[in-house]
Amino acid sequence: MSDTAASAAPAPQVSPDNPCPFLRALVAGNYVGGHIVPLPELTGTIGRATGKTGFEGFTARAKIFMVAQIANGLGPFSQLRSLFQGAILDALRNGPLDKHGAGSRILDQHAVVHEDEIARLATFGSDYKAPDGSVERGLSAAEIKTFMAANFQRAKDGHPPSYGILHCYYPLLMLGEWPVLLDIMGKGEGKDRYLSVAEVRTLFVDKRFPDRIVALLQR
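The structure displayed is predicted, hence computed values, not measured ones.

Visitor: Just to check I follow, could you spell out the nonpolar core for this structure?
Guide: The tendency in soluble globular proteins is for nonpolar side chains to be buried side by side. Counting 50 residues, the largest nonpolar core has Leu42, Leu89, Trp178 and Phe209 as the members making the most contacts within it. Tallying contributions element by element places helix 1 (residues 21-28) first for this core, with 6 residues. If sequence neighbours within four positions are ignored, Trp178 has contacts with Ser104, Ile106, Leu121, Ile144, Phe147, Met148, Leu195, Val200 and Phe204.

Have a look at this one:
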């Protein structure tokens, strides 16, 4: 049986200007709206998905809140709007968190999923034993780090020499993407924790979460 739950209702349209696969799945699953989402609501929803409680959960939500607040802009007006109105999920593209081609390139600017980039992702991984005893392709924390470095180098190679200096913050932005997916959706513990390539594909293509994440979101 698949570890990914099918949505009971037809998935709503998700704006191509929402480039985050996790947020896109939240919108498609009707966990949050697709336009303006108050920061406490967005923070709480993503916080539930982490499964973290107590002080660890508080810390995770604080980090989520700070990232969400700057997602639509760093200027004072944008900050106040985000704080008092919420994050505008269908206006995230070209914002402070957009890596402009320095990411995985699985999802392009028109929200088209590129299967060849998912296949490329798999080449950075290894075969892991899943909790149910099966074997599947996945990426550990170390393999994700190698993958992100390769993504940045690929983008850097296609731009002028100044690219690496002017956009040196892109590797920092990457820390809020794949490592976070590993933390939330990973299987296993410690060094054996890995992110399933099959579940990554379902997240991008179908905009759906694994059953275990759905159970956390529905609490």
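Visitor: Where do I start with the side chain of Asn18 in this structure?
Guide: Take Asn18: it is sitting in the segment before helix 1. Among the residues examined, Asn18 registers a relative accessible area of 1% and is labelled buried. A polar contact of 3.3 Å, which involves the side chain of Asn18, links it to the backbone nitrogen of Cys20. Setting aside its immediate chain neighbours within four residues, Asn18 contacts Leu23, Arg24, Val27, Leu89 and Leu92.

Visitor: What exactly am I supposed to notice about the sheet that holds strand 5 (residues 195-196) here?
Guide: Two pairing modes exist for strands in a sheet, parallel and antiparallel, and in both the strands are linked by backbone hydrogen bonds. Taken in spatial order, the 3 strands of this open sheet run 3-4-5, and their pairing is antiparallel. Sheet topology places strand 3 (126-129) and strand 5 at the edges, where each strand pairs with a single neighbour. Strand direction decides the pairing type here: strand 4 (residues 135-139) and strand 5, joined by 2 bridges, are antiparallel. Note that in strand 5 the partner of Leu139 across the bridge is Leu195.

Visitor: Sorry, what's going on with the packing of helix 5 (residues 115-123) against helix 6 (residues 141-157) here?
Guide: Following both chains from N to C, one finds helix 5 and helix 6 inclined at 130 degrees, their axes separated by 10 Å at the closest point. The pairing of helix 5 with helix 6 is recorded here as oblique in orientation. Crossing angle aside, the handedness with which helix 5 passes helix 6 is right-handed. Touching Glu117, Arg120 and Leu121 of helix 5 are Phe147, Ala150, Asn151 and Arg154, all from helix 6. For the contact of helix 5 with helix 6, the per-class residue count stands at 3 nonpolar, 1 polar and 3 charged.

Visitor: Looking at this structure, I do not really get the confidence of the model for the protein. What am I missing?
Guide: Per-residue pLDDT for the protein averages 89, and the proportion of residues at 70 or more is 93%. Low pLDDT (under 50) marks residues 4-8, which in the prediction has 12 contacts with non-local residues, meaning those over four places away or in another chain.

Visitor: Where do I start with the environment of Val180 in this structure?
Guide: Relative to the helices and strands, Val180 is located in helix 9 (residues 178-185). With relative accessibility at 35%, the residue Val180 sits in the partly exposed group. It is 17 Å that separates the C-alpha atoms of Val180 and Ile106, two residues lying 74 residues apart in sequence.

What counts, and where the lines are drawn
Residues numbered from 1 in each chain as written. Predicted model: local features only at pLDDT ≥ 70, side-chain atom pairs only at ≥ 80, totals over all residues. Heavy atoms only, no water. Core = buried A, V, L, I, M, F, W, Y, C linked by side-chain atoms within 4.5 Å. Buried < 20%, exposed > 50% of the residue type's maximum accessible area, 1.4 Å probe, protein only. Helix = DSSP H or I, 4+ residues; strand = E, 2+ residues; numbered from the N terminus. Contact = heavy atoms within 4.5 Å. Polar contact = N/O pair within 3.5 Å; in protein donor to acceptor, adjacent residues only side chain to side chain. Pairing = 2+ DSSP bridges. Axes fitted to C-alpha atoms, helices over the stretch in contact; angles between N-to-C directions. Parallel < 35°, antiparallel > 145°, perpendicular 65-115°, else oblique. Left-handed = near helix turned anticlockwise from the far one by under 90°. Nonpolar A, V, L, I, M, F, W, Y, C, P; charged D, E, K, R; others polar. pLDDT = per-residue confidence, 0-100.

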